[in-house]
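One letter stands for each residue in the lines below.
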Amino acid sequence: MSLVTALSPTDVPPKLSEDGPHIPGGPDAKPKHELYLDLQAYTWDPRPAEVPRGKDDPEFLLAIRDAIFNSRQPGGVPIDAVHITCCSANGPNLPLWEALADAQPSHLEMVSGWDETCNYAGLSKVQPPWNLKSMYMGAYEGNGNWDRHLEDATQQRHSFPACYASLETLVLDYPSGHYLYFYPVGGATNLKSLTIMENDAAMVFARTVDCNPKLVETLKYLTLGCSIPPEVESVRRMKRFLKEAKRLAILELNVEDRKIYPMDPDFKDEDTLIEVVPLSFLEGGTGPSNSSIAHQVWADPPEIIEGNESLDESDEDGDDGDLEVPIYTGLTNVLPNTLQSFSLSGPANSIMLKELDEWILRARDQSWLPNLRSIAFRLVDPNLQGEMGGATVYLTRKEKEKLEQKTEELLNILRQRSQPVEVVEPRPSTELRYPFIV
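Residues numbered from 1 in each chain as written. Predicted model: local features only at pLDDT ≥ 70, side-chain atom pairs only at ≥ 80, totals over all residues. Heavy atoms only, no water.

### A few points about the pattern of salt bridges
The criterion, for reference: Within this document, salt bridges are pairs made up of a side-chain nitrogen of Lys or Arg and a carboxyl oxygen of Asp or Glu, the two lying within 4 Å of each other. Think of it this way: any DSSP run of H or I at least four residues long counts as a helix, any run of E at least two long counts as a strand, and we number them from the N terminus.
In this structure the tally under the stated criterion is 11 salt bridges. A salt bridge links Arg364 to Glu409, with the shortest nitrogen-to-oxygen separation between them at 2.7 Å. Here the residue Arg364 occupies a position in the loop between α8 (350-363) and β14 (374-380), and Glu409 occupies one in helix α9 (residues 397-415), the gap between them amounting to 45 residues. Linking Glu408 and Arg415 is a salt bridge whose minimum nitrogen-to-oxygen distance equals 3.1 Å.

Next up, the structure:
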């Protein structure tokens, strides 16, 4: 049974999050004792005027200290997770961090308020230091400041203090690639599980592995959720990491194909061309001409690099720095032999229809991914990816049938290996934010 102690700095009761803390083990995993702090009154104050403000911080801080003290007494349940919501650039402030010092949790969860940032650096002032094992950060802004002109990534500005360097599990939700890549002082020394979801997910990952050379040796679990097309250099760095990874056992990729965005047809911008066009037309395919959805597209649509192009000396990953490279192409050439579980949820489009030929060819080779024990492989019509999944890729009925046949052929080949591979469903995107147990 899980215990939650919820506190707020005002007389307004704290509003518990609908999502439980993102501790390792999936959505059903619960901490033994969660200390939940709702700092909404620190970031904005939407309370009704008739609700009196409580006695300010001293009483709130005292309540935190009392909760921690009682948890450490005989018969108490020690706090193993601290969950702070509605954080800001100045919150939690130093007095609050000091009040939390004796909690000594193994998991820290921080969710930003309106300014999309958290004062996570304040933990560096806590004594004695916490022995954190896992962290979830729901924020866009951070303390990094990426300099594109530095050739040596280890010379980049540190984005986290040293107290986070020994984390084993990290989840970054909606982070900025410029400010919230993970680079603690001293470098990440023991990170085994990394989850990055949405916004600049691929860029954050690329910059994180650039800054932390040890990740190629320590990382075992990687989950990336990308719905915004990443920079080519980020895709290239991601694939190079996959080639070099020494211990990677589980890889999950949840990728959408938003090269075109549904938008308000009344929106006008001189740099934007608004027209009705199927994405398959941009890819050189043919599609119905009667689409009624208005999209934002580039005036000069980018070319697409497909994953089976031959490699040359200037680009060992098969990418061209001047063109767009979908994150889901060319994976058969870079997945490491250490992989035990692989999950891909991607778009059902003409690119993947061609890519599947290479997947089938490689799957017939028993020496390819010899340690693979489970696979999830789901290609979804972009129109079915939810309200925000607006990119439209038209495949003819015949092409859709071919795609389904090739997918099933691939999975059947893997099922029939001498060491059978179990076919499973990809985890829903909401569950991907919950990391595996390290």
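### Looking at the nonpolar core
What counts, and what does not: We call a set of buried residues a nonpolar core when its members are Ala, Val, Leu, Ile, Met, Phe, Trp, Tyr or Cys and they connect through side-chain atoms within 4.5 Å of each other. Only protein chains enter the accessibility calculation, which uses a 1.4 Å probe. A residue is then buried if its area is under 20% of the maximum for its type, exposed if over 50%, and partly exposed in between. Contacts are assigned to residue pairs that have any heavy atoms within 4.5 Å of one another.
Judged by nonpolar contacts, the single largest core of 91 residues is most densely connected at Ile64, Leu100, Leu108 and Phe342. Per-element accounting of this core gives the leading share, seven residues, to α8. For Ile64, the contacting residues outside a window of four places in its chain are Leu7, Leu35, Leu37, Leu96, Ala99 and Leu100. Counting residues in hydrophobic clusters, the runner-up holds five residues, among them Trp146, Ala153, Tyr181 and Tyr183.

### Section: the pairing of strand β8 (residues 221-226)
In regular strands, side chains alternate between the two faces of the sheet. Here is the rule: A pair of strands is treated as paired once DSSP finds two or more bridges between them. Seen with the strands pointing away from the viewer, any crossover whose path from the first strand over the helix to the second strand runs clockwise is right-handed.
In terms of burial, β8 is largely enclosed, as six of its six residues are buried. Neither face of β8 is left uncovered, since the one carrying Tyr221, Thr223 and Gly225 and the one carrying Leu222, Leu224 and Cys226 both have all their residues buried. Where strand β7 (residues 193-197) meets β8, five bridges bridge the pair, whose relative direction is parallel. By the bridge assignment for β8, Ser193 is matched with Tyr221. One ladder, built from six bridges, connects β8 with strand β9 (residues 250-255); its direction is parallel. For Leu224, the partnering residue across the bridge sits in β9 and is Leu253. Each parallel crossover has a hand, and the one from β8 via helix α6 (residues 232-244) to β9 is right-handed.

### Quick notes on unusual backbone geometry
A cis geometry characterises the amide bond from Gly91 onward to Pro92, with omega recorded as 5°. If you trace the backbone, Pro92 turns up in the loop between β3 (81-87) and α3 (94-99). Following Gln127, the chain continues to Pro128 via a peptide bond in cis, the omega torsion being -5°. Of note in the backbone geometry, Gln104 takes a positive phi value of approximately 50° without being a glycine. Relative to the assigned elements, Gln104 resides in the loop between α3 and β4 (107-112).

### Section: the environment of Lys30
Within the secondary structure layout, Lys30 lies in the loop between β1 (3-7) and β2 (33-38). Lys30 sits 28 residues away from Ser2 along the chain, and the two C-alpha atoms are 6.2 Å apart. For Lys30, the contacting residues outside a window of four places in its chain are Ser2, Gly20 and Ile23.

### Comments concerning the packing of aromatic side chains
Note the cut-off: Classification of ring pairs rests on two measures: the distance between centres of Phe, Tyr or Trp rings, Trp counted by its six-membered ring, which must be within 6.5 Å, and the angle between planes, read as stacked under 30 degrees, edge-to-face over 60 and tilted in between. Working rule: Lys NZ or Arg CZ, within 6 Å of ring centre, within 35 degrees of ring normal, means a charge sits over the ring.
Counting across every chain of the model gives 11 aromatic pairs. Ring centres of Phe160 and Phe182 lie 5.0 Å apart, and the angle between their planes is 70°; on these two criteria the pair is classed as edge-to-face. One end of the pair, Phe160, is in the loop between β5 (134-138) and β6 (169-173); the other, Phe182, is in the loop between β6 and β7, and 22 residues separate them in sequence. Each member of the pair, Phe160 as well as Phe182, carries the same accessibility label: buried. Between Tyr221 and Phe436 the ring centres are 6.2 Å apart and the planes differ by 40°, which places this aromatic pair in the tilted class. Here Tyr221 is found in strand β8, whereas its partner Phe436 is found in the segment after α10 (429-432), with 215 residues between them in sequence. Look at Phe436 and you get partly exposed, because its relative accessible area is 26%. Put simply, the rings of Tyr120, Phe160, Tyr164 and Phe182 touch in pairs and so form one group of aromatic residues. In this arrangement the basic side chain of Arg427 is found over the ring face of Phe436, its NZ or CZ atom lying 4.5 Å from the centre.

Distances and angles like these do not, on their own, reveal function.
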